[in-house]
Amino acid sequence: MNNILLPIQAILMIFVLFAVSRAFLRLKDGSLSFGAFLFWGFVWLAAGTIIVNPYWTTYIAKQIGIQRGTDVVIYLSIALLFYLIFRTNILIEN
């Protein structure tokens, strides 16, 4: 395991930093609540951590009985997307 980021890791980390900066700016201008900022901050922190050390996903996968780390990321992403669609749906209905 080397300490040099692959090009795709560097690109993804730039995107994560951009996303965090956008969330912070939305917090500052009042269009994002502090709770939502914490949620998105945690999501982007987790993404950055996994980007820097992708082997953690394989370790987590093995601990919960899944073969590949990529599958864990996909399952969690789908669950998060369903949750966000649910929340959006509630906001629209209200």
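The structure we're discussing is the one just above.
Residues numbered from 1 in each chain as written. Predicted model: local features only at pLDDT ≥ 70, side-chain atom pairs only at ≥ 80, totals over all residues. Heavy atoms only, no water.

**Overview of the overall build of the protein chain**
Stage number 1. When its secondary structure is counted, the protein chain shows four helices and zero strands.
Stage number 2. Taken from N to C terminus, the helices and strands of the protein chain fall in the order α-α-α-α.
Stage number 3. For 94 residues, the compact-globule formula gives about 12 Å, and the C-alpha radius of gyration of the protein chain, at 16 Å, lies well above that figure.
Stage number 4. Principal-axis analysis of the C-alpha atoms places the extent of the protein chain at approximately 45 × 30 × 20 Å.
Stage number 5. When the 94 residues of the protein chain are sorted by exposure, 18% land in the buried category. (Helix = DSSP H or I, 4+ residues; strand = E, 2+ residues; numbered from the N terminus. Rg over C-alpha atoms; globule rule 2.2 N^0.38 Å. Buried < 20%, exposed > 50% of the residue type's maximum accessible area, 1.4 Å probe, protein only.)

**Overview of the pattern of salt bridges**
Stage number 1. Per the stated rule, a full pass over the model turns up two salt bridges.
Stage number 2. As a salt-bridge pair, D29 and R26 come within 3.3 Å of each other at their nearest N and O atoms.
Stage number 3. For D29, a relative accessible area of 48% puts it in the partly exposed group.
Stage number 4. Across the pair R68 and D71 runs a salt bridge, and its minimum N-O distance is 2.8 Å. (Salt bridge = Lys/Arg side-chain N within 4 Å of Asp/Glu carboxyl O.)

**Looking at the packing of helix 1 (residues 7-28) against helix 2 (residues 34-52)**
Stage number 1. Between helix 1 and helix 2, whose axes approach to 10 Å, the crossing angle comes to 170°. As summarised for this structure, helix 1 and helix 2 are arranged roughly antiparallel, according to the angle between their axes. Together, Q9, L12, M13, F15, V16, A19, V20, A23, F24 and L27 of helix 1 and F34, F37, W44, A47, G48, I51 and V52 of helix 2 make up the contact between the two elements.
Stage number 2. Considering only residue class, the contact of helix 1 with helix 2 consists of 15 nonpolar, two polar and no charged. (Axes fitted to C-alpha atoms, helices over the stretch in contact; angles between N-to-C directions. Parallel < 35°, antiparallel > 145°, perpendicular 65-115°, else oblique. Contact = heavy atoms within 4.5 Å. Nonpolar A, V, L, I, M, F, W, Y, C, P; charged D, E, K, R; others polar.)

All quantities given are derived from atomic positions and should not be read as evidence of function.
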